[in-house]
Protein chains: 2
Amino acid sequence: MVTPASSPTNDRRTALLGATIEEIALAGTRGMRVDEIARRAGVSTALIYHHFTNRAGLLLAALEHVGERAEAYTDHADGTGRDDLIAVLLDEIQDEAVVRVNSAAWSELRGSAIFDQALRSTLSALRARWADDIADLVRRGQDDGSLDRSLEPVEVGLQLPMIVEGVSASWLTGTLSTHEARAHLESIVVAILRG
Amino acid sequence: MVTPASSPTNDRRTALLGATIEEIALAGTRGMRVDEIARRAGVSTALIYHHFTNRAGLLLAALEHVGERAEAYTDHADGTGRDDLIAVLLDEIQDEAVVRVNSAAWSELRGSAIFDQALRSTLSALRARWADDIADLVRRGQDDGSLDRSLEPVEVGLQLPMIVEGVSASWLTGTLSTHEARAHLESIVVAILRG
């Protein structure tokens, strides 16, 4: 992941997006109030509009930031392709506030993308990047011998994120504990990776 | 599924719930307007409150109705346990307006259940019934020899609905066509059912 160099402007923008993601996770995209985000971040609503122009711009930037944060907390590059792939996927479900909030916001924004064309194309781009990253891990596993050659990297890259999203939904609604959700996710992923 | 005998009161209730599910699929649970449901159904808002007491009662009845409708359009009992199980799951994704609307409303109501305790317990009960139905199909497949004895019916019963939900999310947002979504779902389910 390319992280822009830290600067006061970037730090402020990141803080505003963090507050926005929390508000979306709590109130949903439709219930999201810009004045509440301003209150959380300790700034004026005018500053938020200065950075993101309008509500639609803020939602779009929040969706991109959710994707960036997820890439940061699911990074693995030290084991076999198979081990790193499983670790990357399991890291989408963790007992960390930032992971839960990020996952809930992703789920909300994805739901809104059903109706919101602008969100929809950003969502598609983020999904495509997620699928590509997984396909790359599958290829790495095939090269190092930890994954079966019969697996189709592109197909697996599309399928595993959907499985993460499905298991996460049951985790976020409390149907599954973090431990149970991770165990189910691992067992499904292992079944898929048998090839 | 036990269907109550048709009566004018039941027919009216079903029509109101159908209009509610359409409105939820279109506007979300937070954006859902009772006057818009009344307009769709051609009745007064007073009649809706007469049947469902309040907004919370209407949401709860809608969630139950989404579950009943899904049971009705995913019913299979004429093949092997394995074939019926795969057919039941694939029927969750169909190019029929009622299926798409039902799936979008389920996804919306599930999202709201993160915050809404009353929805949460009904959602858990519906999920448990769904999981039980799938576990029964797995046992039937094990009895008729179409499924491997090593499969854990309860575990598979919990996992397959999450996979349906995950693939449906990509279908509802248009990332996958109906054909693609069904193909991915089938390939994942077949991998799980290898045992």
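The structure under discussion appears in the preceding block.
These remarks concern the structure in this document. Within each chain, residue numbers correspond to sequence positions counted from 1 in written order. Just so you know, chain letters begin at A and ligand numbers begin at 1, following the order they were written in. Selection of residues for local features in this predicted model requires a pLDDT of at least 70, selection of side-chain atom pairs for listing and counting requires 80 or more, and totals for whole chains, interfaces and linings are taken over all residues. As a convention, hydrogens and water are excluded, and side-chain values are obtained from all of the structure's heavy atoms.

1. As for the overall build of chain A
Rules: Only runs of H or I of at least four residues qualify as helices and only runs of E of at least two qualify as strands under DSSP, and these elements are numbered from the N terminus. The size measure is the radius of gyration over C-alpha atoms, and the globule rule it meets is 2.2 Å times the number of residues to the 0.38 power. Type-normalised accessible area, obtained with a 1.4 Å probe on protein chains alone, sets the label of each residue: buried when under 20%, exposed when over 50%, and partly exposed for intermediate values. Note on contacts: a residue pair qualifies if any of its non-hydrogen atoms lie within 4.5 Å across the two residues. Reported accessibility uses the Shrake-Rupley method at a 1.4 Å probe radius. Residues are deemed covered only where the shown protein chains occlude them. When charges are tallied, Lys and Arg are placed among the positive residues and Asp and Glu among the negative ones, while His and the ends of the chain are skipped. All charge positions are set by atom: Lys at NZ, Arg at CZ, Asp at CG, Glu at CD.
Looking only at helices and strands, chain A features 9 helices and 0 strands. Beginning at the N terminus, the succession of helices and strands in chain A can be written as α-α-α-α-α-α-α-α-α. For 195 residues, the compact-globule formula gives about 16 Å, and the C-alpha radius of gyration of chain A, at 18 Å, lands near that figure. In terms of principal-axis extent, the alpha carbons of chain A reach across some 55 × 40 × 30 Å. Buried residues in chain A amount to 51% of all 195 residues. For chain A, the share of sequence-separated contacts (at least 6 apart) that also reach a separation of at least 24 residues comes to 65%. Put simply, chain A shows about 8600 Å² of open surface, and 51% of that area lies on carbon and sulfur atoms. Charged side chains in chain A number 19 positive and 29 negative. The centres of these two groups are separated by 6 Å.

2. Digging into the packing of aromatic side chains
Residue and element names in this part refer to chain A. What counts here: When two rings of Phe, Tyr or Trp (its six-membered ring) have centres within 6.5 Å they constitute a pair, described as stacked for plane angles under 30 degrees, edge-to-face for angles over 60, and tilted for the intermediate range.
Inspection of every chain in the model, using the stated rule, returns 2 aromatic pairs over all chains. Centroid distance Trp-106 to Trp-130: 6.1 Å. Interplanar angle 85°. Geometry classified as edge-to-face. In this pair, Trp-106 sits in helix H6 (residues 97–113) while Trp-130 sits in helix H7 (residues 117–143), placing the two residues 24 residues apart along the sequence. Like Trp-106, the residue Trp-130 is buried in the burial classification.

3. Describing the interface of chain B and chain A
How we decide: When two components associate, each loses some accessible surface as probed by a 1.4 Å sphere; the sum of these losses over both components is called the buried area. Just to be clear on terms, a salt bridge is a Lys or Arg side-chain nitrogen sitting within 4 Å of an Asp or Glu carboxyl oxygen. Any pair of N or O atoms that falls within 3.5 Å is considered a polar contact. Within protein, one atom must be able to donate a hydrogen and the other to accept it, and sequence-neighbouring residues count only if both atoms are side-chain atoms. Put simply, Ala, Val, Leu, Ile, Met, Phe, Trp, Tyr, Cys and Pro go in the nonpolar bin, Asp, Glu, Lys and Arg in the charged bin, and everything else, Gly too, in the polar bin.
With 37 residues of chain B at the contact, the number on the chain A side is 37 residues. A combined buried area of about 3000 Å² lies between chain B and chain A, and 58% of that area is made up of carbon and sulfur atoms. Scanning the region where chain B abuts chain A turns up 2 salt bridges. Measuring nitrogen to oxygen at the nearest pair gives 3.6 Å for the salt bridge that ties Arg-30 of chain B to Glu-108 of chain A. Between chain B and chain A we count 16 residue pairs in polar contact (both at pLDDT 80 or more) in total. Counting residues per element, the ones that place at least two in the side of chain B that touches chain A are helix H1 (8–31), helix H6 (97–112), helix H7 (117–143), helix H8 (153–172) and helix H9 (178–193) of chain B. The greatest single-element share of the side of chain B that touches chain A, amounting to 11 residues, is contributed by H8 of chain B. In the side of chain B that touches chain A, the residues fall into 17 nonpolar, 12 polar and 8 charged.

4. Quick word on the relation of the copies chain B and chain A
For clarity, the threshold we go by: For the least-squares superposition of copies, only C-alpha atoms count, and only for residues with pLDDT at least 70 in both.
For the pair chain B and chain A, the best superposition has an RMSD of 0.0 Å and corresponds to a rotation of 180° with a translation of 0.0 Å parallel to the axis. In symmetry terms, the pair is related by a two-fold rotation axis. Every residue of chain B has its C-alpha some distance from the rotation axis, and the shortest such distance is that of Gly-166 of chain B, at 1.8 Å. In this assembly the copies share their binding face: 100% of the residues contributing to the interface of chain B also contribute to that of chain A.

5. Description of the pattern of salt bridges
Residues and elements named next belong to chain B. Enumeration over the complete set of coordinates arrives at 24 salt bridges over all chains. Between Asp-84 and Arg-140 there is a salt bridge, and its shortest N-O distance comes to 2.7 Å. Here the residue Asp-84 occupies a position in helix H5 (residues 81–90), and Arg-140 occupies one in helix H7, the gap between them amounting to 56 residues. On the basis of relative accessibility, which here comes to 30%, the residue Arg-140 falls in the partly exposed class. Residue Glu-165 is joined to Arg-127 by a salt bridge in which the shortest nitrogen-to-oxygen separation is 3.3 Å. One end of the pair, Glu-165, is in helix H8; the other, Arg-127, is in helix H7, and 38 residues separate them in sequence. A residue is classified by how much of its surface remains accessible, and Arg-127, at 8% relative accessible area, is buried.

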